Amino acid sequence: MTEIHIDPLGGVAGDMFVAALLDLRPDLEGELREVLAPRPPRDAAAPASCPLLEQVEIAVEHHNDGILTGHRFSVRRDGKKAEGDAAIHHHDHYHDHNHPHHHDHDTATREHHAGHEHIHWDTIRAALRQSSLDPETIRHAIGIFSRLAEAEAQVHGTTPEEVRFHEVGAWDSIADIVAASWLIVQIGASRWTIGALPLGGGRVKSAHGQLPVPAPAAALLMRGFTTIDDGISGERVTPTGAAIVSYLCEPSVAQPQERILASSAHGFGTRRLPGISNCLRLLAFEHAGGTGAHTESVAILECEIDDQTAEDLAQAIDNLRSHRGVLDIVQAAVFGKKGRMMTQLRVLADVGAQDEIVAMMFDETTTIGIRRSIVQRSTLPRQMQTKDHGGRSLRVKVVERPSGPSAKLESDDLAGLGGHRQRGDLRRLAQDSSKITESKPCR
């Protein structure tokens, strides 16, 4: 099982993240080209796998800045290279404060004109959903873009549905985010962690004046993460980079544990920084130990409730589950004072998110006291695998146990089937690894 640590030495940007992943796994470059622009050489009119990226081509280059070596990643459309989402080269231009416009290009070389098109977030989301990308890549891409849209909406006091992205910056960001999402799926890391994010400093130009660094959207996405001021100014974490990091990583500090450093990689930005490589480094770890289990610290938050209706408590639990820091929730019937029936609620949560979740528990339930403890848990590596059966796509969770793998069919995929025997036949099919068509990481 692989864990990947992100070391934002020079900063974090969409293209730097993709470049680092390709430096870690150069064998994936060829297939990524097909994913982003799978047009047959003799059929230039054939559609790309994702609408809005029909004319996009990628460039992957080996790079040596005189200190470190790695890769650089860039995208072109209609032969024109985007100036990129590289660290220090990202600028957000806000031309209409009712409609935030997200730009991933250098204002020194590109200018905004009133006639430029803008792409609505709903359009981008619909294009991703209608694409021929695999479901997990679509899920990651929408998740990352959603964070970006939510941050832009909060900056401008509007809703994510009203967010619009500038046409030039949009295709660049879409390509970076789709590439990143596809590579995330292929690598299948069990966990992502990140070091201190460089703050940078100074200002970036916008049509309405100077904006501070980090850009407002990036600053929102960086909340809760450890930062560092290394004295180097400029934009170090772009909104797209911040969206990827906030989607993959928890703000809490990873607990020390035995791991084997398997490999490292570097993804470079487009600008040189004084005295430091403008790169994003990845460190890939494999877990030590004979069980193959991953051990980490988690928070247990628990309470008893005796004065809330079952219907309302069920809704409260659903709302709690929507918090990204909630790992699991267990409820049980218990007896309290005077033999009264109560519901015991136990929430398993990320350590760094426990304060937010405690506050949410107080708002969602009638409890007036919550017990908190930090414990260690061990989890086995698992993947969600897909099998085809009679035209029906079945998801199977495969767990790597010390004695060998075990498999279990997702019960939701049995919906609509009649009869115990038919469901039993499909469950037995889950044990047949020869019919697996693809494997995806399972969170």
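Conventions adopted
Residues numbered from 1 in each chain as written. Predicted model: local features only at pLDDT ≥ 70, side-chain atom pairs only at ≥ 80, totals over all residues. Heavy atoms only, no water. Helix = DSSP H or I, 4+ residues; strand = E, 2+ residues; numbered from the N terminus. Buried < 20%, exposed > 50% of the residue type's maximum accessible area, 1.4 Å probe, protein only. Contact = heavy atoms within 4.5 Å. Areas by Shrake-Rupley, 256 points an atom, 1.4 Å probe, with all protein chains shown as cover. Core = buried A, V, L, I, M, F, W, Y, C linked by side-chain atoms within 4.5 Å. Pairing = 2+ DSSP bridges. Arc of directions from axis to C-beta. Salt bridge = Lys/Arg side-chain N within 4 Å of Asp/Glu carboxyl O. Lys, Arg positive; Asp, Glu negative; His and termini not counted. pLDDT = per-residue confidence, 0-100. Axes fitted to C-alpha atoms, helices over the stretch in contact; angles between N-to-C directions. Parallel < 35°, antiparallel > 145°, perpendicular 65-115°, else oblique. Nonpolar A, V, L, I, M, F, W, Y, C, P; charged D, E, K, R; others polar. Phe/Tyr/Trp six-rings, centres within 6.5 Å; stacked < 30°, edge-to-face > 60°.

Caption draft 1: Molecular detail of the overall build of the protein. Looking only at helices and strands, the protein features 10 helices and 21 strands. Taken over 443 residues, the protein has a buried fraction of 50%. Long-range contacts, defined here as pairs at least 24 residues apart, represent 69% of the contacts in the protein between residues at least 6 apart. Accessible surface, the protein: about 20900 Å² in total, of which carbon and sulfur atoms supply 48%.

Caption draft 2: Examining the nonpolar core more closely. Phe17, Leu32, Phe73 and Trp192 are the most contacted members of the largest nonpolar core, which totals 71 residues. Top contributing element to this core by residue count: helix α5 (residues 167-187), with 11 residues. Cys303, Ile317, Leu345 and Ile357 belong to the second largest nonpolar core, which has 18 residues in total.

Caption draft 3: Fine view of the pairing of strand β13 (residues 279-287). With 7 of its 9 residues buried, β13 lies for the most part within the structure. Summarising the sheet, strand β1 (residues 2-7) and β13 pair through 6 bridges and their orientation is antiparallel. Across the sheet, residue Asp7 finds its bridge partner in β13, namely Arg281. Two strands pair when backbone bridges link them, and strand β12 (residues 259-268) and β13 are joined in this way by 9 bridges, in the antiparallel orientation. Opposite Ser263, over in β13, you have Ala284 as the bridge partner.

Caption draft 4: Helix α9 (residues 354-364), seen in detail. Taken as a whole, α9 has its buried residues at Gln354, Ile357, Val358, Met360 and Met361. Looking down the long axis of α9, one finds its buried residues gathered within 160° of arc, a one-sided arrangement. Those residues of α9 that are exposed and angled more than 90 degrees off the buried face are Asp355, Glu356 and Asp363. Of the surrounding elements, those touching the buried residues of α9 are β14 (294-305), α8 (310-321), β15 (326-335), β16 (341-350) and β17 (371-379).

Caption draft 5: Inspection of the pattern of salt bridges at higher detail. One pass over the structure, following the stated rule, counts 13 salt bridges. Note that Glu250 and Arg324 form a salt bridge whose closest N and O atoms lie 3.8 Å from each other. With Glu250 in the loop between α7 (239-248) and β12 and Arg324 in the loop between α8 and β15, this residue pair connects regions lying 74 residues apart in the sequence. What makes Glu250 partly exposed here is its relative accessible area of 25%. The partly exposed category is assigned to Arg324, whose relative accessible area is 35%. Between Asp355 and Arg372 there is a salt bridge, with the nearest N and O atoms lying 2.5 Å from each other.

Caption draft 6: Up close: the side chain of Arg147. Tracing the sequence through the fold places Arg147 in helix α4 (residues 135-156). Here Arg147 occupies a buried position and makes no salt bridge, while the nearest side chain of opposite charge, Glu150, is found at 5.7 Å. Once residues within four sequence positions are removed from consideration, Arg147 is found in contact with Leu221, Ala243, Ser246, Tyr247 and Arg324.

Caption draft 7: Geometry of α7. Among the 10 residues that make up α7, 10 are buried, leaving the element largely enclosed by the rest of the structure. When α7 is considered as a whole, its buried residues turn out to be Pro239, Thr240, Gly241, Ala242, Ala243, Ile244, Val245, Ser246, Tyr247 and Leu248.

Caption draft 8: Spatial organisation of the confidence of the model for the protein. Looking at the protein, the pLDDT average stands at 80 and 78% of residues meet or exceed 70. For residues 83-116, every residue scores under 50 in pLDDT, and the model assigns this stretch 130 contacts once sequence neighbours within four places are set aside. Confidence over residues 433-439 falls short of pLDDT 50; this stretch has 17 contacts with residues more than four positions distant or in other chains.

Caption draft 9: Just the pairing of strand β3 (residues 69-77), in detail. Where strand β2 (residues 56-64) meets β3, 9 bridges bridge the pair, whose relative direction is antiparallel. Across the sheet, the residue bridging to Glu61 is Arg72, located in β3. Counting the residues between successive antiparallel strands, the hairpin from β2 to β3 contains 4 residues, one of them, Gly66, with a positive phi of roughly 90°.

Caption draft 10: Seen up close, the environment of Pro402. Along the chain, Pro402 turns up in the loop between β19 (392-401) and β20 (404-409). Pro402 sits 22 residues away from Leu380 along the chain, and the two C-alpha atoms are 9.0 Å apart.

Caption draft 11: Molecular detail of unusual backbone geometry. Residues Val213 and Pro214 are joined by a peptide bond in cis, for which omega reads 0°. Following the sequence through the fold, Pro214 ends up in the loop between β10 (209-212) and α6 (216-221). Backbone geometry places Lys338, a non-glycine residue, at a positive phi of 60°. By secondary structure assignment, the location of Lys338 is in the loop between β15 and β16.

Caption draft 12: Spatial organisation of the packing of helix α3 (residues 121-130) against α4. As a packed pair, α3 and α4 sit with axes 10 Å apart at the nearest point and diverge in direction by 170°. Comparing the axis directions of α3 and α4 gives the class roughly antiparallel. Taking contact as the criterion, the partners of Trp121, Ile124, Arg125, Leu128 and Arg129 in α3 are, on α4, Ile138, Ala141, Ile142, Phe145, Ser146 and Ala149. Residues of the contact of α3 with α4, tallied by class, amount to 8 nonpolar, 1 polar and 2 charged.

Caption draft 13: Examining the packing of aromatic side chains more closely. For the structure on display, the rule yields 2 aromatic pairs. Between Phe17 and Trp192 the ring centres are 5.8 Å apart and the planes differ by 45°, which places this aromatic pair in the tilted class. Of this pair, Phe17 sits in helix α1 (residues 14-24) while Trp192 sits in strand β7 (residues 191-194), and the two are 175 residues apart along the sequence. Comparing Phe17 with Trp192, the two get one shared label, buried. For the ring pair Trp121 and Phe145, a centre distance of 5.6 Å and an interplane angle of 25° mean the geometry is stacked. Taken together, the residues Trp121 in helix α3 and Phe145 in helix α4 connect sequence positions 24 residues apart.

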